[in-house]
Amino acid sequence: MQWLRRNLVVIAGLGTLAYLIVPNVVVTVFSFNNPNGRFNYAWQEFSLDAWKDPCGVADLCGSLSLSLQIAAWSTLGATVLGTMIAFALVRYRFRARGTINSLIFLPMAMPEIVMAASLLALFLNMGVELGFWTILIAHVMFCLSFVVAAVKARVLSMDPRLEEAARDLYAGPVQTFVRVTLPIAAPGIAAGALLSFALSFDDFIITNFNSGNTVTFPMFVWGSAQRGTPVQINVIGTAMFAIAVIVVVAGQVISNRRKKTALPH
Amino acid sequence: MTVTEAPPPVAAAAEPPVHKPSVRRKLVPYWLLLPGVLWLLVFFVLPMVYQASTSVQTGSLEKGFEVTWHFQTYWDAFRDYYPQFLRSLLYAGTATALCLLLGYPLAYLIAFKAGRWRNVLLILVIAPFFTSFLIRTLAWKTILADGGPVVETLNTLHVLDITSWLGMTEGDRLLATPLAVVCGLTYNFLPFMILPLYTSLERIDTRLHEAAGDLYATPATTFRKVTFPLSMPGVVSGTLLTFIPASGDYVNAELLGSTDTRMIGNVIQSQYLRILDYPTAAALSFILMAVVLIMVTVYIRRAGTEDLV
């Protein structure tokens, strides 16, 4: 009993972690299922068929590559625009700073469906054809705020004296920016970019409203929930999880190595 | 950035340096802001204006819509759909409370007790994100399936009798009940609660805990008087990050719920994309926005962390 009380936090925390991980386990296990019928909801028998042929379902890999392209372009757009805004907000005092801060904050403080619907209202009124470009426009719009937030946090915690020192050492503005400012801000920019990529790749609500007949990966999964979920969806889900874990772990290992090699200097 | 800042002439260098920014330098922030802010103005603010105008239009898809300042739409929309509104707020509120309840121990564990396991646990919190959330929500259909191990276990323990009596489930089913929808919402937004909580807990100086212990505070008192108040910024932003998206969500209600668990997001989605009644859809989404913004403002005021915004 005493032991239980002392470890209550640990037990509750691990319980929550299990709640978070269980669906992933189910996704992984069911990627090896050989389902009976269109839906992959009940365990039948072990099979590697779906893993051998992940693109075996019509349109699945097409939607996947479309989502990757959209995520890549909107990450690029949002990261460039967002980083510029973040630097302007942290480094300069100017009028309208408060207004712009709220303008950046608002998209994050609004249910996604409100933005999705209003963009659709704009596109409908303008007679714009929905598809790749409207999705891209929407994704850059909602990723922007998250990049600004991530970069701002990093630049705010940066010591401005480092840049002064660079200038004292006769570095020009460009040199200062490229060799001092950018490397220090890089983790913030990288975090913003990573977040954009994940948000864009996984976005369903805004894409659902503004994609027309274009099918991104989340749209494909959504459609499959009605028509019948192929096992391949579980394969891709499992692969995404595995890749994410590998990337994150590799990043950890590299940064740990750097820390260790940096010490002797 | 100003690329061509020529070195000052020798004569000028003799004078004490006067910081008088040139006009061009003053314009730098505006140039930096221009593209991004323009993007937000055209694709975030302008759409709101269009949506506002759509909400006071009347007409039909065949004859076209026209602005007739028909504010009646707002009242009609609210009257027809207030059950869905209330349900959304109830579900989102419950899910947020559950997220806080479930997320706090995990955030606490990672911040103070994990030691060298800290990064592993953080990865485990973030990694599920990368499997599309729709796939994971579909996995809940498998987990909660009728006759599945979860339903059977809860049935044997008579838990489902209690939840049915409370109106959270129906008979011996979990799928297509309010409980399933709330469970899905809680699951999907949990990381948005854990990460801000973790960030604010991690900043706390652990010597404060020792100091509280030295002053004969029990662990419970230390938590109540020291840890929790210091984690308030995380609690506030975590609550907002879960409640706001949950209130407009329609994915969980669609995949895990039934027609009796429709939330306002489901209504807006079907009005816009299936029934094509644009004015009603626009009015509904403005009412949702207003309700959420008012609740968020009041909440932030009461939580006393205005500097968050």
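Below is a short write-up of the structure. Quick caveat: nothing in here was measured; it's all calculated off a predicted structure. (Residues numbered from 1 in each chain as written. Chains lettered and ligands numbered in written order. Predicted model: local features only at pLDDT ≥ 70, side-chain atom pairs only at ≥ 80, totals over all residues. Heavy atoms only, no water.)

1. Digging into the overall build of chain B
Line of reasoning, step 1. If you tally the helices and strands in chain B, you get 14 helices and two strands.
Line of reasoning, step 2. Once the C-alpha set of chain B is aligned to its principal axes, its extents read approximately 90 × 75 × 35 Å.
Line of reasoning, step 3. Across the 309 residues that make up chain B, the buried fraction comes to 46%.
Line of reasoning, step 4. Put simply, 67% of the contacts in chain B that link residues at least 6 apart link residues at least 24 apart.
Line of reasoning, step 5. Charge separation in chain B, taken as the distance between the mean sites of 21 positive and 21 negative side-chain charges, equals 9 Å. (Helix = DSSP H or I, 4+ residues; strand = E, 2+ residues; numbered from the N terminus. Buried < 20%, exposed > 50% of the residue type's maximum accessible area, 1.4 Å probe, protein only. Contact = heavy atoms within 4.5 Å. Lys, Arg positive; Asp, Glu negative; His and termini not counted. Charge placed at Lys NZ, Arg CZ, Asp CG, Glu CD.)

2. A short note on the packing of helix H2 (residues 8-30) of chain A against helix H4 (residues 118-126) of chain B
Line of reasoning, step 1. At a minimum axis separation of 9 Å, H2(A) and H4(B) run at an interaxial angle of 45°. If you check the angle between H2(A) and H4(B), you find them oblique. The way H2(A) lies across H4(B) gives a crossing that is left-handed. Only Leu121(B), Leu124(B) and Val125(B) of H4(B) make contact with H2(A), whose side of the interface consists of Leu17(A), Leu20(A) and Ile21(A).
Line of reasoning, step 2. Counted by class, the contact of H2(A) with H4(B) contains six nonpolar, no polar and no charged residues. (Axes fitted to C-alpha atoms, helices over the stretch in contact; angles between N-to-C directions. Parallel < 35°, antiparallel > 145°, perpendicular 65-115°, else oblique. Left-handed = near helix turned anticlockwise from the far one by under 90°. Nonpolar A, V, L, I, M, F, W, Y, C, P; charged D, E, K, R; others polar.)

3. Section: the pairing of strand S1 (residues 57-60) of chain B
All names here are of chain B.
Line of reasoning, step 1. In terms of strand pairing, S1 meets strand S2 (residues 64-67) through four bridges, oriented antiparallel. Of the residues in S2, the one forming a bridge with Gln57 is Val67.
Line of reasoning, step 2. Counted along the chain from S1 to the antiparallel partner S2, the turn is three residues long. (Pairing = 2+ DSSP bridges.)

4. A short note on the state of the cysteines
Line of reasoning, step 1. Across all of its chains, the model carries one disulfide over all chains by this definition.
Line of reasoning, step 2. Note that Cys55(A) is cross-linked by a disulfide to Cys61(A), the S-S spacing being 1.9 Å. With the S-S dihedral at roughly -90°, the linkage between Cys55(A) and Cys61(A) falls on the left-handed side.
Line of reasoning, step 3. Judged by relative accessible area, Cys61(A) falls into the partly exposed class, the value being 23%.
Line of reasoning, step 4. In this structure Cys183(B) is not part of a disulfide, and its nearest cysteine sulfur, from Cys99(B), lies 11 Å away.
Line of reasoning, step 5. Judged by its relative accessible area of 18%, Cys183(B) falls in the buried class. (Disulfide = S-S within 2.5 Å.)

5. Details of the nonpolar core
Within soluble globular proteins, side chains that are nonpolar generally end up buried alongside one another.
Line of reasoning, step 1. Ranked by internal contacts, the top residues of the largest apolar core, which has 132 residues, are Phe204(A), Phe209(A) and Tyr272(B).
Line of reasoning, step 2. No other element matches the 12 residues that helix H14 (residues 278-303) of chain B contributes to this core.
Line of reasoning, step 3. Contact partners of Phe204(A), with chain neighbours within four places excluded, come to Pro218(A), Met219(A), Trp222(A), Phe133(B), Leu134(B), Tyr250(B) and Val251(B).
Line of reasoning, step 4. Core analysis: the next-biggest nonpolar cluster, separate from the first, contains 11 residues, Ala92(B), Val181(B), Val182(B) and Ala246(B) among them. (Core = buried A, V, L, I, M, F, W, Y, C linked by side-chain atoms within 4.5 Å.)

6. Some remarks on empty space enclosed by the protein
Line of reasoning, step 1. Tallied over the full model, the rule gives one cavity of 30 Å³ or more.
Line of reasoning, step 2. Space inside the largest cavity adds up to approximately 100 Å³.
Line of reasoning, step 3. The set of elements that each furnish at least two residues to the lining of the largest cavity consists of H2 and helix H12 (231-262) of chain A together with helix H5 (133-143) of chain B.
Line of reasoning, step 4. The biggest single contributor to the lining of the largest cavity is H5(B), with four residues.
Line of reasoning, step 5. Classifying every residue of the lining of the largest cavity gives eight nonpolar, four polar and no charged. (1 Å grid on protein atoms, 1.4 Å probe; cavity = no way out; pocket = protein on both sides within 12 Å on 5 of 7 lines; lining within 4 Å. Points joined across faces, edges and corners; volume = space filled by probe spheres on them.)

7. Details of the interface of chain B and chain A
Quite often, the size of an interface is put as the accessible area lost when its parts meet.
Line of reasoning, step 1. Taken together, the contacts link 80 residues of chain B with 77 residues of chain A.
Line of reasoning, step 2. For the pair chain B and chain A, the summed buried surface comes to about 7,300 Å²; carbon and sulfur atoms form 81% of the total.
Line of reasoning, step 3. If you sort the residues of chain B by the area they bury against chain A, Leu40(B), Phe44(B) and Phe130(B) come out on top, with a joint share of 9%.
Line of reasoning, step 4. Along the contact surface separating chain B from chain A lie zero salt bridges.
Line of reasoning, step 5. At the junction of chain B and chain A, the tally comes to 12 residue pairs in polar contact (both at pLDDT 80 or more). (Buried area = accessible area lost by both parts, 1.4 Å probe. Salt bridge = Lys/Arg side-chain N within 4 Å of Asp/Glu carboxyl O. Polar contact = N/O pair within 3.5 Å; in protein donor to acceptor, adjacent residues only side chain to side chain.)

8. Considerations on the pattern of salt bridges
Residues and elements named next belong to chain B.
Line of reasoning, step 1. All told, the structure shown has seven salt bridges over all chains when counted by the stated rule.
Line of reasoning, step 2. Note that Arg79 is salt-bridged to Asp76, the shortest N-O span being 3.5 Å. A residue pair is termed a helical-turn pair when its members lie 3 or 4 positions apart in one helix, as Arg79 and Asp76 do in helix H3 (residues 72-113) at three residues.
Line of reasoning, step 3. In this structure Asp76 comes out as partly exposed when scored by relative accessible area, which is 22%.
Line of reasoning, step 4. It is possible to trace a salt-bridge network through shared partners that takes in Asp76, Arg79 and Asp80.

9. Things to note about unusual backbone geometry
Residues and elements named next belong to chain B.
Line of reasoning, step 1. For His158, which is not glycine, the phi dihedral falls at a positive 60°.
Line of reasoning, step 2. Its place among the elements puts His158 in the loop between helix H6 (149-156) and helix H7 (159-165).
Line of reasoning, step 3. A positive phi angle is found at Tyr216, which is not glycine, with a value near 65°.
Line of reasoning, step 4. For Tyr216, the position within the fold is in the loop between helix H9 (207-214) and helix H10 (219-230).

10. Here's the deal with the side chain of Ser74(A)
Residues and elements named next belong to chain A.
Line of reasoning, step 1. Topologically, Ser74 is positioned in helix H4 (residues 60-91).
Line of reasoning, step 2. Here the side chain of Ser74 touches Ile70 through a polar contact of 2.6 Å, landing on its backbone oxygen.
Line of reasoning, step 3. Excluding residues that lie within four positions of it along the chain, Ser74 makes contacts with Leu136, His139, Val140 and Ser200.

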